[in-house]
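Listed below, chain by chain, are the residues.
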Amino acid sequence: MPYATRPSRQSDYNLFDSSCPIVIDNGCFNFRIGWTGESDPRITFRNMVQRPRHKATGETVTIVGDHDPALMKYFDCTRSSHRSAFDGNVVYQFEIMEYILDYGFERMGADGSQVDHPILITECVCNPVQSRSKLAELLFEGYGVPSVAFGVDAVFSYKYNQQLGVCDKDGLAICSGLNTSHIIPFVNGEPVFEACCRTNIGGYHVTDYLKQLLSLKYPNHMSNITWEKVEDLKMEHCYVALDYASEVRLFQKGAKEAEEKNRCWQLPWIPPPAEEPPSEEEIARKAAIKEKQGQRLREMAAAKRSSRITELENELQGLEFLLHQLENVQENDVPSFLSETGYISKLEIESAVVRVTQSLKKAKREQVEIEEKMDPSMTEKYTLINIPDNMLSPEQLKEKRKQLFIKTTSEGRQRAKQKRFEEELDRERQNELDEKKRLGKRLKVNGTHTNESHNSSGGVGRGERLNAAQKERMRLLTTAAFDRGKGEDTFGTRDEDWQLYKLMSKDIDDDDEGQDEDEAELARVTSRLQDIDPTFVAKSEIGPFQTIVEIPRFRPLTKEDFQIILGVERFRCPEILFQPNMIGIDQAGMDEMAGISIRRLPLKGNSVEERITNSILMTGGSCLFPGMGERLEAGIRKIRPFESPIRVVRASDPVLDAWRGAAAFAAAVPFSEQTFSRQDYYEKGEDWLRRYNLRYTF
């Protein structure tokens, strides 16, 4: 398990006799070390090394095995990753292996660098001689061990379960580890390595595949999908489907049975605080603040308008005074007088007077309209209009006529204002239509942006080819440019030359005649839609390169947004043990390898094959998935003859049986005869290790 508790240092190392062997299960995932004759290993930790830097001092430290996450906040682990001594299932990084052995022996209680106990260490099937010799050199010369023995972990597990009566002496061991899976046949209690098979698929690939699927499915939670958490999810929720195709179809249909197989992983989530509706006092307070701000803005606008009227009145008085002085100036002194004032002529001064007068009238009219709009009691002043004359006194009749005059004047002013507003809108729409027509003509003459962007080589696009009128216009331009380049430029001296522009504009007007009616109808419909819906925007008003971007609608995050659902991933990831081609590895699956291993046996005969298939043992950490035994039995039954006896059993403890089998083997008396001593190493050298084979049956 990741982040396990760090093992404590043993204190009884000196109590064991020097002839008592130390048993090491050197697995790719976990490193286990203990004493012979005991039921469980003393020390277990992750078989990896990490070298982070301390954040304060910058010093590099070496961390072996599991580490405490609370202590890792003091180290910078971003530039250092976990390093393993294995390439696949073969030890090749002996510098890292030395760190691991140092830590293991130190936790066992060994003092100094000398280990005066025999060592039994596990290795993979058909381990290369180079790896075995380097490890022997490290143990003999680095730690001074008296003797070493090498054995296969899967064989120790099978022999241990044979002693427990789980399997027979003739059988098949299916060992699925971290990086590889092995099939080893046994005949008369001894492994037949000539018939074993291996595929480069293991628990590491299952975890990595599950991590990839979850990262693609939930990209917003990639920081939570760590390797250690995915490893826990794999061991807790994954299973092997008996029929993969039918299980996939079940999830595709979305049946109730498939929903029941889903598993939910709830991530940490804190619900947002519920927003309470504002009280009446809060609404009244906000309305008062809003009204106060509005009143302040109105006062600022009124002050600005009054200041503007004052400036215009002063400017108008100055211009009138300037005109009055200009009338008293003699005609010869007018230029010098105007040069001092900054004006060129009397006409310019008069036009300035007209302009300022119009601006002043407009400013005063806006002020009157705003005051009328701000005065809510205007409608209450006409109280006598609807009363008959015979019911009114002479004074009231006079007041009624006055109210009628004021109301008529005010309504006329409002109608005139509305008419001016409508005329201004019509003028703006007409200007927009004219601008669109001019833009369309320009695009037709010079080509469109689309043609420039999609046909950068200078050619005309398929939808932009020239018609006959455009070709004639281009011919006229080319002819005029060609004639202009011949000597003196005489274009325009004859009346016929100016006919060229008429001919060029004629085809443009002809092309647009048929479109005027459609554009007018489109403008009418657009204006009608804008009157109904002020937010309506016509597509024609959007540029050729602009796109309408929909405003995303945000919703508050809920508990379901922080849930990771494991559905088809539960059985899809372990399926790669039987179909490695799902992740791009062109190798055989575990059930197919079992058939290949049986066919490779040197001893042929139905009785041997039947005895082997009648005792198939599953061991290794990747054999803990539910449904593994049933799937192996179904797969092997397909490749075996009809009614062949097939029995698939699981080891008593697929994880620890390898170490327990090695400890039981080292406790036997003949074990000392099968060790490779330090004296043999110095005398015979590394070449003797090529012929070294451990006999597992005494």
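Sequence positions are assigned chain by chain, starting from 1 and proceeding in written order. Predicted model: local features are reported for residues with pLDDT of at least 70 only, side-chain atom pairs are reported and counted for 80 or more only, and whole-chain, interface and lining totals are derived from all residues. Hydrogens and waters are ignored; side-chain quantities use all the structure's heavy atoms.

The name given to the protein in an unreviewed UniProt entry is Actin-related protein 5, with Tetracentron sinense as the source organism. UniProt positions are given in the numbering used here, feature names are shortened, and annotations may be inferred rather than shown by experiment. Of the protein, the UniProt comment under Subcellular location (unreviewed entry) reads exactly: "Nucleus". For the record of the protein, the UniProt heading Sequence similarities (unreviewed entry) holds the text "Belongs to the actin family. ARP5 subfamily."

(A) View of the overall build of the protein. Think of it this way: any DSSP run of H or I at least four residues long counts as a helix, any run of E at least two long counts as a strand, and we number them from the N terminus. Looking only at helices and strands, the protein has 20 helices and 20 strands in total. For the protein, with 698 residues in total, the buried portion stands at 37%. Contact criterion: two residues are considered in contact whenever any of their non-hydrogen atoms come within 4.5 Å of each other. In the protein, the share of contacts with a sequence separation of at least 24, taken over all contacts with a separation of at least 6, comes to 68%. Note on areas: Shrake-Rupley with a 1.4 Å probe; residue coverage comes only from the protein chains shown. As displayed, the protein has an accessible area near 42900 Å², and 52% of this comes from carbon and sulfur atoms. For each residue, the accessible area found with a 1.4 Å probe, counting protein chains only, is set against the maximum for its type, and the residue is called buried under 20%, exposed over 50%, and partly exposed in between.

(B) A look at the nonpolar core. Ile24, Met97, Leu101, Phe105, Ile119 and Ile184 are the most contacted members of the largest nonpolar core, which totals 65 residues. For this core, the element with the most residues is helix α1 (residues 94-108), which contributes 7 residues. In this structure, Ile119 is in contact with Ile22, Ile24, Phe105, Leu139, Val145, Ser147, Val148 and Ala149, ignoring residues within four places of it in sequence. In these notes, a set of buried Ala, Val, Leu, Ile, Met, Phe, Trp, Tyr and Cys residues joined through side-chain atoms within 4.5 Å is what counts as a nonpolar core.

(C) Molecular detail of helix α3 (residues 153-163). Counting buried positions along α3 gives 8 out of 11 residues, so the element sits mostly inside the fold. Among the residues making up α3, those that are buried are Ala154, Val155, Phe156, Ser157, Tyr158, Lys159, Tyr160 and Asn161. Count one or two residues on from α3 and you reach Gly165, which has phi positive near 85°.

(D) Structural view of the sheet that holds strand β2 (residues 30-35). Any two strands are treated as partners once DSSP identifies two or more bridges connecting them. Taken in spatial order, the 6 strands line up as β3-β2-β1-β10-β11-β20 in an open sheet, and their pairing is mixed. The outermost strands of the open sheet, each flanked by one partner alone, are β3 (43-46) and β20 (676-677). In terms of strand pairing, strand β10 (residues 119-123) meets strand β11 (residues 147-152) through 5 bridges, oriented parallel. Directly across from Thr122, in β11, lies its bridge partner Gly151.

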